[in-house]
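Structural description and commentary
What follows is each chain in one-letter form.
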Amino acid sequence: MVLCPVIGKLLHKRVVLASASPRRREILSQAGLRFEVVPSRFKETLEKDSFPTLYTYAIETAKQKALEVAHRMHAKDFQTPDVVIGADTIVTVGGLILEKPVDKQDAYLMLSRLNGKEHSVFTGVAVVHCSSTGDRLETKVLEFHEETKVKFSELSEELLWEYIHSGEPMDKAGGYGIQALGGMLVERISGDFLNVVGFPLNHFCKKLAQLYCPPPDEAAQCIKHDSIPSVDTFRDRSDEEGSGQAGGDRQEAAYNGTVLFTACKLKVFDVLKDGAILTAEDIASKIDTSVCGTERLLDACAMLGLLERSERGYSNTELARLYLVSEGEHSLHGFVTLCNDYTWELFTHLESAIREGTNQFHEVSGRRADNLFKCPIPLQDSSRSKEAQLQFMHAVHDLTKLSARAVVTAFNLSHFTSACHLGGCTGALAHALVQEYPHLKVTVFDLPEILELAPSFQPAGERAAQIHFMPGDFCQDRLPEAELYILSRIIHEWPEDKVHQLLGRISERCKPGGGLLVAEAILDEERRNSRGAWVQSLSTLLQTPGRQRSGEEYQRLLRAQGFHDVRVVRTGALLDAVLATR
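These notes cover the structure that comes with them. Here the structure is a predicted model, which means the values were calculated and not measured.

**Overview of the packing of helix α11 (residues 280–287) against helix α12 (residues 291–303)**
Taken N-terminus to C-terminus, the directions of α11 and α12 make an angle of 110°; their axes are 9 Å apart at the nearest point. It follows that α11 is roughly perpendicular to α12 by the angle criterion. Judged by the twist between their axes, the crossing of α11 over α12 is right-handed. Across the interface between the two elements, Ala280, Glu281, Ile283, Ala284 and Ile287 of α11 pack against Val291, Thr294, Glu295 and Leu298 of α12.

Following this line, the structure appears as structure tokens:
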């Protein structure tokens, strides 16, 4: 795959997408690119007539979008990104650029121009490479464009207006979306389909491959992995090499998960942090295991791409360094350990959960999850030891950090001056908020037994003073006053009646103009995409009496509680975002 060598080069870099487009996010995240989303604030006021061609206008707009984000991030505490990607898609017919329609009549005029004709869709792309010397930002820009020809069928006015009344044309250049209902208007296309959707992935991959020019042997060793690694990521690659059968691969996937869990629990990757290269005997001595068993485990990890094996011994791969060392910035060690000790066992009861349609929490704990609403997440049970509580908090902290920046930048929250994260646990999302919005003051509201352990997770920094931890039970106690309330991975845990009660309490406390930010994995309405959300949906069935929801379901749910202007953004990360205004 052309993107594989690029993933290896960009894995340790900070990549930013300077676009709020959910379609671009989805295209890039499904390609395996790991990135943050920081929507550009560039005002698209360029004089179109001043450009020699239509596509040069799109390229310049994309470049200005990316440069604005690069300079803004650099100026904010000098948090300079490594790579910023900007894109701009335009629809053109007869030398005229069709922007997004301003109203239904405008949409009708646009679609009438396209009716029965062939038109062009151009996407300009700018990839800005950033570096800084002191307080100075230096940039190098790679830019290109892609053109796709699209031919509309001859359409009746009735059909055009039916499509316009669906609401789909209103946020799309040219007034249609080819990936959804608008596809029914299209007779044929010539060129890259994804370019019409919003991003020319094939051309983008080729340009980056040319830029990095990896040697053939390096390309052969690259590991393809999702934007947020899961247990599936750390699998045997025999199927990619043309060997093995589907049944065997599934069996091996289960074994591979066990290898990963065991290596994390024994802290193999911690022993090899900071570039250490050790023999099997050295590692066995440090983790207090047998040499023969340790060597077999290390070899299995090397086959999975987690360790490098050489004549000198074993060392961490880049993948392990980033995600499996327990104290790493992007560590998933706590999450993987929790999966080993808790979730893995729960999934052995999946058949019972499907037959009964109920959670199986009682099978591993002896207690029913529907009696735990004072601590809505089952593992958040105060009867557990502090060690188990810390294990759970580590898992939540790890997962929250992976999605935090994508969630807090999904919408422009700069008009809020105060926020309250209900059930904010370690404050990981709160720290992402104050880094992005320096004027914001955030209250983390959670149970006393949780906040007692939270200090061990706090990073140093001047922004920490903007975060206040307040003990309390958001099911019973009066909610702290705030302009913006936040719920992250809470709603999907609860049954309908408890969800309505909680949202009702927030709605009553929320003043006019105030907001509620919800971070959850959102299901795809057509049940074709969002693979991670559907896997989480099964996990929810096993652990809680709640359920995952689609974007439309969240809109109906929040509007029923008095919120309006409910917007949904798919972030491309583990969690998506919903912002509702009171």
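**Some thoughts on the environment of glycine 423**
Within the fold, glycine 423 resides in the loop between β10 (418–422) and α18 (428–436). Classification of glycine 423 as buried rests on a relative accessible area of 17%. Apart from residues lying up to four places away in sequence, glycine 423 is in contact with Phe445, Asp446 and Phe474.

**As for the pairing of strand β3 (residues 83–93)**
Burial analysis of β3 places 11 of its 11 residues in the buried class, which makes it a mostly covered element. Because side chains alternate across β3, one face comprises the buried residues Val83, Ile85, Ala87, Thr89, Val91 and Val93, and the other comprises Val84, Gly86, Asp88, Ile90 and Thr92, equally buried. Pairing between β3 and strand β4 (residues 96–98): 3 bridges, direction antiparallel. When the sheet's bridge partners are listed, threonine 92 is paired in β4 with isoleucine 97. In textbook terms, the turn of a hairpin is the stretch between consecutive antiparallel strands, and for β3 and β4 this stretch comprises 2 residues, one of which, glycine 94, has a positive phi near 60°.

**Some remarks on the side chain of histidine 397**
With respect to the helices and strands, the residue histidine 397 is situated in helix α17 (residues 386–408). According to the relative accessible area criterion, histidine 397 is buried, its value standing at 11%. There is a polar contact of 2.6 Å between the side chain of histidine 397 and the side chain of threonine 426. In this view, histidine 397 contacts Thr426, Ala428 and Phe457; residues no more than four positions away in its chain are not counted.

**Considering the pattern of salt bridges**
Per the counting criterion, the structure on display carries 20 salt bridges. Ionic pairing is found between glutamate 496 and arginine 547, a salt bridge with its closest N-O pair at 3.1 Å. Taken together, the positions of glutamate 496 in helix α20 (residues 496–509) and arginine 547 in the loop between α21 (531–543) and α22 (551–559) put the pair 51 residues apart, joining distant regions of the chain. Measuring nitrogen to oxygen at the nearest pair gives 3.9 Å for the salt bridge that ties aspartate 565 to arginine 567. The class for arginine 567 is partly exposed, based on a relative accessible area of 40%. When salt bridges that share partners are traced, they join Arg14, Glu36, Arg405 and Glu436 into one network.

**Brief notes about the sheet that holds strand β15 (residues 564–569)**
Pairing within the open sheet is mixed, and its 7 strands lie in the order β12-β11-β10-β13-β14-β16-β15. Only two strands of the sheet have a single neighbouring strand rather than two, namely β12 (467–471) and β15. Averaged over all pairs of adjacent strands, the angle between their axes in this sheet comes to 20°, without regard to strand direction. As paired elements, β10 and strand β13 (residues 484–488) share 4 bridges and run parallel to each other. Within the sheet, the bridge partner assigned to alanine 419 lies in β13 and is leucine 484. Relative to β13, α20 is tilted by about 165°, and along the sheet it contacts β10, β13 and β14 (515–520).

How each quantity is defined
- Residues numbered from 1 in each chain as written.
- Predicted model: local features only at pLDDT ≥ 70, side-chain atom pairs only at ≥ 80, totals over all residues.
- Heavy atoms only, no water.
- Axes fitted to C-alpha atoms, helices over the stretch in contact; angles between N-to-C directions.
- Helix = DSSP H or I, 4+ residues; strand = E, 2+ residues; numbered from the N terminus.
- Parallel < 35°, antiparallel > 145°, perpendicular 65-115°, else oblique.
- Left-handed = near helix turned anticlockwise from the far one by under 90°.
- Contact = heavy atoms within 4.5 Å.
- Buried < 20%, exposed > 50% of the residue type's maximum accessible area, 1.4 Å probe, protein only.
- Pairing = 2+ DSSP bridges.
- Polar contact = N/O pair within 3.5 Å; in protein donor to acceptor, adjacent residues only side chain to side chain.
- Salt bridge = Lys/Arg side-chain N within 4 Å of Asp/Glu carboxyl O.

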